[in-house]
Every structure is written in structure tokens, then in C-alpha cells.
Amino acid sequence: MDLRIQETLKLEGTITVPGDKSISHRAVMLGALAQGTTEVSGFLMGEDCLSTIACFRKLGISIELTEGKVRIHGKGLDGLEESGDVLDVGNSGTTIRLLTGILAGQSFTTFLTGDSSIRKRPMGRITQPLICMGAEIMGRKNATLAPLAIKGGKLKKLEYSTPVASAQVKSALLLAGLYADGWTEVTEPAKSRNHTELMLRAFGAQVEEGENTARVKGRPTLLGRQIKVPSDISSAAFFLAAGAIVPEGALTIRNVGLNPTRSGIIDILSQMGAKITVINKANLDGEITGDVRVESSSLKGISIGGAMIPRLIDEIPVIAVLAACASGVTEIRDAEELKVKESNRLTAIAKELTKMGARIEELPDGLKIFGGKALKGATCASYHDHRIAMALAVAGLKAHGETVINNADIVNVSFPKFAASLESIGALVRVD
Ligand code: S3P
């Protein structure tokens, strides 16, 4: 499928974007390990989260799907069963890494694989500490690449400092820690998203959080519950950026998850000079939500780095688009992790925005964007990466002529109705 986008002069309206991907994955995982039924509303019916559901079904968990709702019939911490088949996580890094943590504590063996992108992504960051906890894990290149074979076992608690700020690493270890006696503790160089910690606590586990540390007490009894998933700020980000860069109009995005470990994009938009406001704040089991309104704005370049990076890790491609449309220079540093996402996002966004007339230099750990160059329509590649495809679609709204994004079906990973949502607010977009 190709996405064709024409320059758009005005965007207007109120929309709701799909449920948070990180929270949807965790709802299935903790629902499966809890006793009794967990009912999830606002679940993201995107390919990544459907991969998580498929994996847990193969592990013996009954999961019902109805329009917008998921019902998981949990069987308790020790209720998973050995799968007769290989589990396939598709394109989902969160599924493979968090699930490996859970499987490390099981009394059986599981084989895990994923698509060609997943099979290139680094797994040593989770397999190495999980092996220290007592799991047996085999994989290509000394258990650093999927496919993985995980022979679970009795785990020892762990105190671990991760070299990267990664919620997937932290969560894999905390989930394995559910199967160890005593407290398992993870310290990171900067705080990453804490959805696992908040949800574990809501399900009844003992969890403590310090500035850059999280710990969980092993062998809790988790109890099934109702979960309301907020809209994904990482999906909202494309609309916030679009609303800010087009010449006219205002957009409101409802019920957006605003967890402070995720809301860096709101701070960055304000620092760049966007007219952005948050109203109707609420708290769902520790997850803050609100409605976010953005108006067409004149943006200026800024510097981004340090502890801000984990707070906007998935928004960097669209921030590059904002920077290309801003006056002055934007420098993004400390973002080397972007090279090991669904694609090398630094290279992908730099190359494709350059095709559209932007001036961008790729740095060893980020990007330097010289803003203010007029964008022109171009034919762009998606790099098999949902966020690259959507960021380029946003750039297309501001580019003279037509922008074509090839192989854009990949947006279904996190935002199945992306094109229809854009169209509903006045964007000139067509699916081919
Ligand atoms: C995620 C953590 C982040 C993020 C990913 C989702 C999660 O990855 O980029 O989209 O749900 O825990 P890392 O942990 O690799 O930074």
C-alpha cells in the first residue's frame, strides 16, 4: 500500500487516536499472569499487540476479542503451558523482550522468533542478565539475536544496572523478578517509561520506584482487574506535529496518555514555540491522561539530549520533521538507541527528509537539522518502520506537490486507521 499526501493548508477538528501500545501489551501479559479475568478497554488493535495476544494464546491463555475490548482469562503466575509451536512476535520488540523475561521463569522451554527486523535487533541486553538470574537461553550469535530458545527455571533475584535506558530491558527483568524470591532491582542511566511498574502495582504486586531505579518483590499474587488504556501519546504526536506545522487551524486530541516518562513531546513542542495546552487531566491507576490542543504555530529550533531522550524516544522521527519546518538549527544528541529500533531511524529520517529538500546531518548519536528550507513532495521509503512512514506523511502535509510513501501498510503495527484519521481533520491524503 502507498500513502499519497498533498500539501495541506489547514487542519481542524477533534480526534481520538488508538490506545497506548506499551500499556496494551502489558495489560495482556499481566492479565495472563493474574488470577481471574482482566477486561481491557481502549486496547490497541494494532499488529504488535495482536502478536502479544497470539503468543499468550499459544501459551494456553484464553483471550476474547470484541470491538475495542479484550478479556483475558488469567491462570495465575504459574498457569502458562508449554507451546507446541514456535511463538512469532512479528515486528514487536516489546513482545519479544518482555515475554522472554516471563518465559525465563517458566518450568518449560519456548522458542521465539519474529520478522526480519526483529531478527536484527539486539537481544543480549535482556538475555545476558536473564541468564545471570538462572534461565538457559540459546540464540544466534551467543544468544544476542532471535530466534531465541528459552528454557525457564528457578530464578535468583537480581540487582542490575543497565547500560541503556530501556523500558523493555527494565520490564523484562522486573517480569522475571516475579518468579524470584525477594526483590529484583533495575537501575538505568535515565528513567524510561514506567508502565510496567504502575500496572504491576495495580494488579497487587509490591513495587518501589526511585529516581532511576525500580524494584519488585517476587512471587506476588496478581489479581485480574479492569484496565482502561489511554490513547497513545506516540500516535498523538503525529497529529500534534501536523497541527503545529500546517499554516492554519487547531486540533484537539482526546484522552492522551501523559505519563511524565512519555510526555517529552509536549515539552519539546512548547519549547519550540508551539501553542499547545492540556485540559481535562485525569488519573487512571497512576497513568495521567488529558486532552491536548495544538494550534498552527511558528516554530524555532532547539537542542534536545540527556534525560529528555527516553521521554520522547519514539517521537524523534516526527521531531525531525518539526525541526525541518522550524526556523534555525535543532540538534538532537544522546539518541544512538534510534539505530536499533524497527529501522535505523536516524539514517532513515535523515535520508528521506533530505529527498524532500530538508537539510539534515546525521551525527554519531543524533541529528542536526537546519530548519526553514521549503519542503517538496518526493517518493519515500518506509524502511518497514511504522513511525518513519507516519513521520514522512506529516512532512508531506507541508511539502509542495505530492509525497508518496511506499510500503506504508507497516503503519498497521501501531495505527491501523492512520490515513482515515488524517483525512478526518482535513488532510489531503489518499491510500493506493
Ligand atoms: C517500549 C520501550 C521503548 C520504545 C518502544 C516501546 C516499551 O523501547 O521505543 O516503542 O513498551 O517498553 P526501548 O526499551 O528499546 O527503549
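A short note on the overall build of the protein
In step 1: If you tally the helices and strands in the protein, you get 14 helices and 24 strands.
In step 2: In terms of overall dimensions, the protein is globule-like: its C-alpha atoms have a radius of gyration of 21 Å, near the 22 Å expected for 432 residues.
In step 3: Oriented by its inertia axes, the alpha-carbon framework of the protein measures out at about 60 × 40 × 40 Å.
In step 4: Within the protein, the proportion of its 432 residues that are buried is 59%.
In step 5: Surface summary for the protein: the accessible area is close to 15,300 Å², and the carbon and sulfur share equals 50%.
In step 6: Charged side chains in the protein number 50 positive and 47 negative. The centres of these two groups are separated by 1 Å.

So, the site of the ligand
In step 1: In the vicinity of the ligand, the residues found are Ser-22, Arg-26, Thr-94, Arg-97, Ser-166, Ala-167, Gln-168, Arg-193, Ile-313, Asp-314 and Lys-341.
In step 2: With respect to the ligand, the side chain of Arg-26 contributes an N or O atom lying 2.6 Å from an oxygen atom.
In step 3: Within the side chain of Asp-314, a nitrogen or oxygen atom sits 2.7 Å from an oxygen atom of the ligand.
In step 4: Surface burial for the ligand is 96%, taken as the share of its 390 Å² of free accessible area covered by protein chains.
In step 5: Those elements giving two or more residues to the shell around the ligand turn out to be helix H1 (21-33), helix H3 (93-103) and helix H6 (167-177).
In step 6: Looking at the shell around the ligand residue by residue, the class counts come to two nonpolar, four polar and five charged.
In step 7: Here the shell around the ligand spans two domains, and each of domain 1 (3-19 + 230-431) and domain 2 (21-228) adds at least three residues to it.

A look at the domain arrangement of the protein
Reports often express the size of an interface as the amount of accessible area lost when the parts come together.
In step 1: Structurally, the protein comprises domain 1 (3-19 + 230-431) and domain 2 (21-228).
In step 2: A straight line from the C-alpha centre of domain 1 to that of domain 2 covers 28 Å.
In step 3: Each partner contributes to the interface: domain 1 provides 27 residues, whereas domain 2 provides 29 residues.
In step 4: The interface formed by domain 1 and domain 2 includes four salt bridges.
In step 5: Between Arg-225 and Asp-285 there is a salt bridge; the shortest N-O distance is 2.8 Å.
In step 6: Where domain 1 meets domain 2, there are 15 residue pairs in polar contact (both at pLDDT 80 or more).

Let's talk about the side chain of Asp-115
In step 1: Mapped onto the secondary structure, Asp-115 falls in the loop between strand S7 (109-113) and helix H4 (124-133).
In step 2: Although buried, Asp-115 forms no salt bridge, and the nearest oppositely charged side chain, Arg-119, lies 6.3 Å from it.
In step 3: A polar contact is formed between the side chain of Asp-115 and the backbone nitrogen of Ser-117, at a distance of 3.1 Å.
In step 4: Within the local environment of Asp-115, its side chain forms a polar contact with the backbone nitrogen of Ile-118, the two atoms lying 2.9 Å apart.
In step 5: When near neighbours in sequence (up to four residues on either side) are disregarded, Asp-115 contacts Asp-88, Gly-90, Asn-91 and His-384.

Things to note about the layout of surface pockets
In step 1: By volume, the largest pocket is sized at about 560 Å³.
In step 2: For the largest pocket, the lining is made up of 39 residues, of which Ala-165, Ser-166, Ala-167, Ile-313 and Lys-341 are closest to its centre.
In step 3: Looking at the lining of the largest pocket, the elements that each hand over two or more residues are H1, H3, H6 and helix H10 (308-311).
In step 4: Classifying every residue of the lining of the largest pocket gives twelve nonpolar, ten polar and 17 charged.
In step 5: When residues of the lining of the largest pocket are assigned to domains, at least three fall in each of domain 1 (3-19 + 230-431) and domain 2 (21-228).
In step 6: Put simply, the second largest pocket is a space of about 360 Å³.
In step 7: Along the walls of the second largest pocket sit 18 residues, with Val-17, Pro-18, Gly-19, Phe-43 and Met-45 positioned nearest its centre.

Considering the sheet that holds strand S14 (residues 226-228)
In step 1: Spatially, four strands are ordered S4-S5-S3-S14 in an open sheet, and the strand pairing comes out mixed. Of all strands in the sheet, those bounded by a partner on one side alone are strand S4 (62-66) and S14. Sheet twist, expressed as the mean angle between neighbouring strand axes with direction ignored, is 15 degrees.
In step 2: Taken together, the three bridges between strand S3 (residues 35-41) and S14 define a ladder with parallel strand orientation. What sits directly across from Val-40, in S14, is Ile-227.

Side note on the packing of aromatic side chains
Think of a pair of aromatic rings as described by two things: how far the centres are apart, and how the planes are tilted against each other in angle.
In step 1: Summed over the entire model, instances satisfying the criterion amount to four aromatic pairs.
In step 2: Centroid distance Phe-238 to Phe-418: 6.3 Å. Interplanar angle 80 degrees. Geometry classified as edge-to-face. Here Phe-238 is found in helix H8 (residues 233-245), whereas its partner Phe-418 is found in helix H14 (residues 418-424), with 180 residues between them in sequence. There is no split in this pair, since Phe-238 and Phe-418 are both buried.
In step 3: Taking the centre distance of 5.9 Å and the plane angle of 70 degrees together, the rings of Phe-239 and Phe-418 count as edge-to-face. Here Phe-239, found in helix H8, pairs with Phe-418, found in helix H14; they are 179 residues apart in sequence, far enough to count as distant. Side by side, Phe-239 and Phe-418 carry an identical accessibility label, which is buried.
In step 4: Through a chain of ring-to-ring contacts, three or more aromatic side chains come together here, namely Phe-238, Phe-239, Phe-415 and Phe-418.
In step 5: Here the guanidinium or amino end of Arg-215 rests over the ring plane of Trp-183, the centre of that ring lying 4.4 Å away.
In step 6: Seen from the ring of Phe-370, Arg-359 lies directly overhead, with NZ or CZ sitting 3.8 Å from the centre.

Thresholds applied
- Residues numbered from 1 in each chain as written.
- Predicted model: local features only at pLDDT ≥ 70, side-chain atom pairs only at ≥ 80, totals over all residues.
- Heavy atoms only, no water.
- Helix = DSSP H or I, 4+ residues; strand = E, 2+ residues; numbered from the N terminus.
- Rg over C-alpha atoms; globule rule 2.2 N^0.38 Å.
- Buried < 20%, exposed > 50% of the residue type's maximum accessible area, 1.4 Å probe, protein only.
- Areas by Shrake-Rupley, 256 points an atom, 1.4 Å probe, with all protein chains shown as cover.
- Lys, Arg positive; Asp, Glu negative; His and termini not counted.
- Charge placed at Lys NZ, Arg CZ, Asp CG, Glu CD.
- Near = heavy atom within 4 Å.
- Polar contact = N/O pair within 3.5 Å; in protein donor to acceptor, adjacent residues only side chain to side chain.
- Nonpolar A, V, L, I, M, F, W, Y, C, P; charged D, E, K, R; others polar.
- Domains from an automatic or database assignment.
- Contact = heavy atoms within 4.5 Å.
- Salt bridge = Lys/Arg side-chain N within 4 Å of Asp/Glu carboxyl O.
- 1 Å grid on protein atoms, 1.4 Å probe; cavity = no way out; pocket = protein on both sides within 12 Å on 5 of 7 lines; lining within 4 Å.
- Points joined across faces, edges and corners; volume = space filled by probe spheres on them.
- Pairing = 2+ DSSP bridges.
- Axes fitted to C-alpha atoms, helices over the stretch in contact; angles between N-to-C directions.
- Phe/Tyr/Trp six-rings, centres within 6.5 Å; stacked < 30°, edge-to-face > 60°.
- Lys NZ or Arg CZ within 6 Å of the ring centre and 35° of its normal.

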